[in-house]
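If you want the building blocks of each chain, they are given just below.
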Amino acid sequence: MTVKCQYLFQSLLCTKEEEPKMEIRQLEYFRAIVDAGTISAAARNLHMTQPPLSYQMKLLEEELQVKLFVRGTRNITLTEAGKALYVRAGSLLMMADVTRREVIKVSRSATLHIGMTPSTVEMMVEKIAAFTYLHPEIHFDIHEGSTFTLKDELENGVVDVTTLRTPITLNGFATAPLVKEPLVAMGLPEKLPEAGSIALEQLSKEHLILSHRYRAYMLEGFERAGLSCDIYYECEDARTAMTLAQSGVGIAILPSSMRHPDDPVQACTISGAAFRTEILLAWREEKLPEIAREFVRMVLGV
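Keep in mind that this is a model prediction, so the values were computed, not measured.

Asks: Explain the overall build of the protein chain residue by residue, including any values.
Replies: Looking only at helices and strands, the protein chain features 11 helices and 12 strands. Across its three principal axes, the protein chain shows a C-alpha extent of roughly 70 × 55 × 40 Å. Put simply, the protein chain has 302 residues, and 43% of those count as buried. Accessible area of the protein chain: about 16,300 Å², with a carbon and sulfur share of 52%. Here the protein chain carries 32 positive and 39 negative side-chain charges, and the mean point of each set is 5 Å from the other.

Shown next, in the form of structure tokens:
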């Protein structure tokens, strides 16, 4: 990484009144210690001796004026401040690595950083294949994750373009709808009516499985109908909700496209409510590379 890049990321961690002191390498050392469990194990992994590593952590704690971890007989224990720094340091190091790789690759060829939610991988791979046929010199850095993960990566400049699922709040970025589809009830056949449709009132009495992102949206729909519901299982990823439904513990509310013909679950439409989700293409309008703009235009067919 260039000196300028390192100074930039150091500046993010300092107040305007202070000169940057924290170094990227200190964050790397700190994360290595947490991942290894002990300073001695981290020193071996980093191919360095323990004293200088301990000294760097002492400097880091003095700079932040907090205690980051407590040494135990076998492992270190993170303080609350340490836990916060571990997460933040991961984001900063990832951004530093992306910056480094982009600077290196700029002289070789353009790279598009594309985000895909699990249910849009198949659709986006077709688009990428078509774009590659037109531009064989372009490289792709593909990020897969939940809508919230990819939203954060878009806002932090890690990805140029990404698919997202509604409901989602996204300000300051361009979006365009790609697909609209219903949310349906999915569960083992014995848990759902044979008719292929389940009434909202009946659904309210079942053990429901939801990904976190649909919680507020679903609760609002039940409340509008004068009903309450029991959400027994919540998870981050829709694929986890599908796996839970396949185990027979409850009924999942998922986009209809999540079910494949060989899945053991049955899908039922929900009568009495119009639950829908939409796949969006989102991108940062400012400073978007021209090749990324061309990719957006091809995906949208404009």
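Asks: An account of the packing of helix 2 (residues 24–36) against helix 3 (residues 39–46) is needed here, citing residue identities and associated values.
Replies: Direction vectors running N to C along helix 2 and helix 3 enclose 115 degrees, while the axes themselves pass 8 Å from each other. Handedness of the crossing formed by helix 2 with helix 3: right-handed. Two secondary-structure elements touch here, helix 2 through Y29, A32, I33 and A36 and helix 3 through I39, A41, A42, N45 and L46. Of the residues contributing to the contact of helix 2 with helix 3, the split by class is 8 nonpolar, 1 polar and no charged.

Asks: Can you tell me about the packing of aromatic side chains, naming the residues and giving the values?
Replies: Two aromatic rings, taken as a pair, are described by how far apart their centres are and by the angle between their planes. Evaluated as defined, the whole model comprises 7 aromatic pairs. Look at F131 and F295: their rings are 5.3 Å apart centre to centre, the planes differ by 90 degrees, and that puts the pair in the edge-to-face class. Of this pair, F131 sits in helix 6 (residues 121–134) while F295 is found in helix 11 (residues 290–300), placing the two residues 164 residues apart along the sequence. Judged by its relative accessible area of 0%, F295 falls in the buried class. Ring centres of F140 and F295 lie 6.1 Å apart, and the angle between their planes is 65 degrees; this geometry places the pair in the edge-to-face category. Residue F140 is found in strand 4 (residues 139–144), and its partner F295 is found in helix 11; the two are separated by 155 residues along the sequence. Members of the aromatic cluster, joined through ring pairs, are F131, F140 and F295. Cation over ring: R31 sits above Y86, and NZ or CZ is 3.9 Å from the ring centre.

Asks: Please set out the pairing of strand 11 (residues 266–271) residue by residue, giving values where relevant.
Replies: Relative to strand 11, strand 6 (residues 174–187) runs antiparallel, the two sharing 3 bridges. Opposite M186, over in strand 11, you have A267 as the bridge partner. Here strand 7 (residues 197–199) pairs with strand 11 via 3 bridges, running parallel. Among the inter-strand pairings, A199 is bridged to a residue of strand 11, identified as S271.

Asks: A description of the pattern of salt bridges should follow, citing residues and the corresponding values.
Replies: Here the structure, examined in full by the defined rule, presents 11 salt bridges. The shortest N-O distance in the salt bridge between E181 and R165 comes to 2.4 Å. In this pair, E181 sits in strand 6 while R165 sits in strand 5 (residues 161–165), placing the two residues 16 residues apart along the sequence. The exposure class assigned to R165 is buried, which follows from its relative accessible area of 4%.

Asks: Which residues make up the packing of helix 6 against helix 11, and what values do they have?
Replies: Put simply, helix 6 and helix 11 touch, their axes get as near as 10 Å, and they point 120 degrees apart. Relative to helix 11, the element helix 6 lies oblique. Handedness of the crossing formed by helix 6 with helix 11: right-handed. Contacts from M124, K127, I128, A130 and F131 of helix 6 reach helix 11 at I291, E294, F295, M298 and V299.

What counts and what doesn't
Residues numbered from 1 in each chain as written. Predicted model: local features only at pLDDT ≥ 70, side-chain atom pairs only at ≥ 80, totals over all residues. Heavy atoms only, no water. Helix = DSSP H or I, 4+ residues; strand = E, 2+ residues; numbered from the N terminus. Buried < 20%, exposed > 50% of the residue type's maximum accessible area, 1.4 Å probe, protein only. Areas by Shrake-Rupley, 256 points an atom, 1.4 Å probe, with all protein chains shown as cover. Lys, Arg positive; Asp, Glu negative; His and termini not counted. Charge placed at Lys NZ, Arg CZ, Asp CG, Glu CD. Axes fitted to C-alpha atoms, helices over the stretch in contact; angles between N-to-C directions. Left-handed = near helix turned anticlockwise from the far one by under 90°. Contact = heavy atoms within 4.5 Å. Nonpolar A, V, L, I, M, F, W, Y, C, P; charged D, E, K, R; others polar. Phe/Tyr/Trp six-rings, centres within 6.5 Å; stacked < 30°, edge-to-face > 60°. Lys NZ or Arg CZ within 6 Å of the ring centre and 35° of its normal. Pairing = 2+ DSSP bridges. Salt bridge = Lys/Arg side-chain N within 4 Å of Asp/Glu carboxyl O. Parallel < 35°, antiparallel > 145°, perpendicular 65-115°, else oblique.

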